[in-house]
Amino acid sequence: MIVRKPGSLALAALAALMLPAMAACGQDAPVTEKAKPATSKDSQAAAKPVAFERETEKFTYNYAYPAEAAAIPALAKLLEEDRVQGLAELESQAEEAEKDAKANDYPYNPHMLGTSWSTTGNTPPLLAMLGEISSYSGGAHGNTGYEVLLWDKAASKRLKPEALFTDMNAALDPMRTLYCDGLKAERQVRRGEYMSADPEDMFNVCPPFSDLVIIPSAVGQDRFDRILFVAAPYVAGPYAEGVYEISVPVTRQTIASIKPEYRAAFSAAE
């Protein structure tokens, strides 16, 4: 089963589980970006994106992944197993919740679970995908969370992000200032005149990397040239501001911290 990293707090409304990040520009500065499908390779021409949906009176279930993943049999198998397991768990939970609602004479609210994988980079050695998982279990609020999936093509296995580095903390620490500066700039764009200068405001603090989902990014490139830091709603800002996705350029120092077998997948941003 794929282990998910949930968002820090419940969302304020299910209808707005996904909000687009606001874009910023610049090659050498931190930027905000949404995960986008990478250009398909010739070997993937026959593969198509997968989008599964089932809606009943008790629940709604969605699961989707891109053609890049569908083109890799072992990875597609892993995702299909996750899809089937997720559906089975949702069916069971919805059934139990409906029984409980009837037994206690209160209205049953249909449940929901949705998983959507997007490609952040497709390099010869590695495929990187960012998963957005949204759920609703009948209460006042829904939940959202994000997850990383890195696929080692040669070894035909899934990797944890830290497996890319000799020391992940040491590799990312030099990016800390750039990330926090980029986050502050994006907060200013979204909040405008309402930007608070109060250092005690929890949403003015730069969240630790341990609270973020971290994934390499090669959008529009053949190699990863940025590291994407994803803060779910309520991690870096209030719900209304949505998810914050800030990317920081990969440097030669970053590449030196990557294990030799994966260095070919990275390039320093110019």
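Residues numbered from 1 in each chain as written. Predicted model: local features only at pLDDT ≥ 70, side-chain atom pairs only at ≥ 80, totals over all residues. Heavy atoms only, no water.

**Student:** Sorry, what's going on with the pattern of salt bridges here?
**Tutor:** A side chain of one charge can pair with a side chain of the opposite charge if their charged atoms are brought near each other. Overall, the coordinates contain eight salt bridges when judged by the stated rule. Between Arg-190 and Glu-186 there is a salt bridge; the shortest N-O distance is 2.9 Å. Residue Arg-190 and its partner Glu-186 are located together in helix 4 (residues 176-191), separated by four residues, close to a single helical turn. For the residue pair Arg-190 and Glu-186, the accessibility class agrees, reading buried in each case. The partner of Arg-191 in a salt bridge is Glu-241, with the nearest N and O atoms 2.6 Å apart. (Salt bridge = Lys/Arg side-chain N within 4 Å of Asp/Glu carboxyl O. Helix = DSSP H or I, 4+ residues; strand = E, 2+ residues; numbered from the N terminus. Buried < 20%, exposed > 50% of the residue type's maximum accessible area, 1.4 Å probe, protein only.)

**Student:** Explain the side chain of Asn-122 here, please?
**Tutor:** With respect to the element layout, Asn-122 can be found in strand 5 (residues 111-122). Accessibility expressed as a relative area gives 1% for Asn-122, which makes it buried.

**Student:** How should I be thinking about the packing of aromatic side chains in this particular structure?
**Tutor:** Given two aromatic rings, one states the distance between the centres and the angle between the planes to describe the pair. The full count for this structure, using the stated rule, is seven aromatic pairs. Relative to Phe-229, the ring of Phe-209 lies with its centre 4.6 Å away and its plane at 25°, an arrangement referred to as stacked. In this pair, Phe-209 sits in the loop between helix 4 and strand 9 (213-217) while Phe-229 sits in strand 10 (residues 226-231), placing the two residues 20 residues apart along the sequence. Among the aromatic residues, ring-to-ring pairing joins Tyr-179, Phe-209 and Phe-229 into one connected group. Just above the ring of Phe-52 sits the side chain of Arg-83; from NZ or CZ to the centre is 4.3 Å. (Phe/Tyr/Trp six-rings, centres within 6.5 Å; stacked < 30°, edge-to-face > 60°. Lys NZ or Arg CZ within 6 Å of the ring centre and 35° of its normal.)

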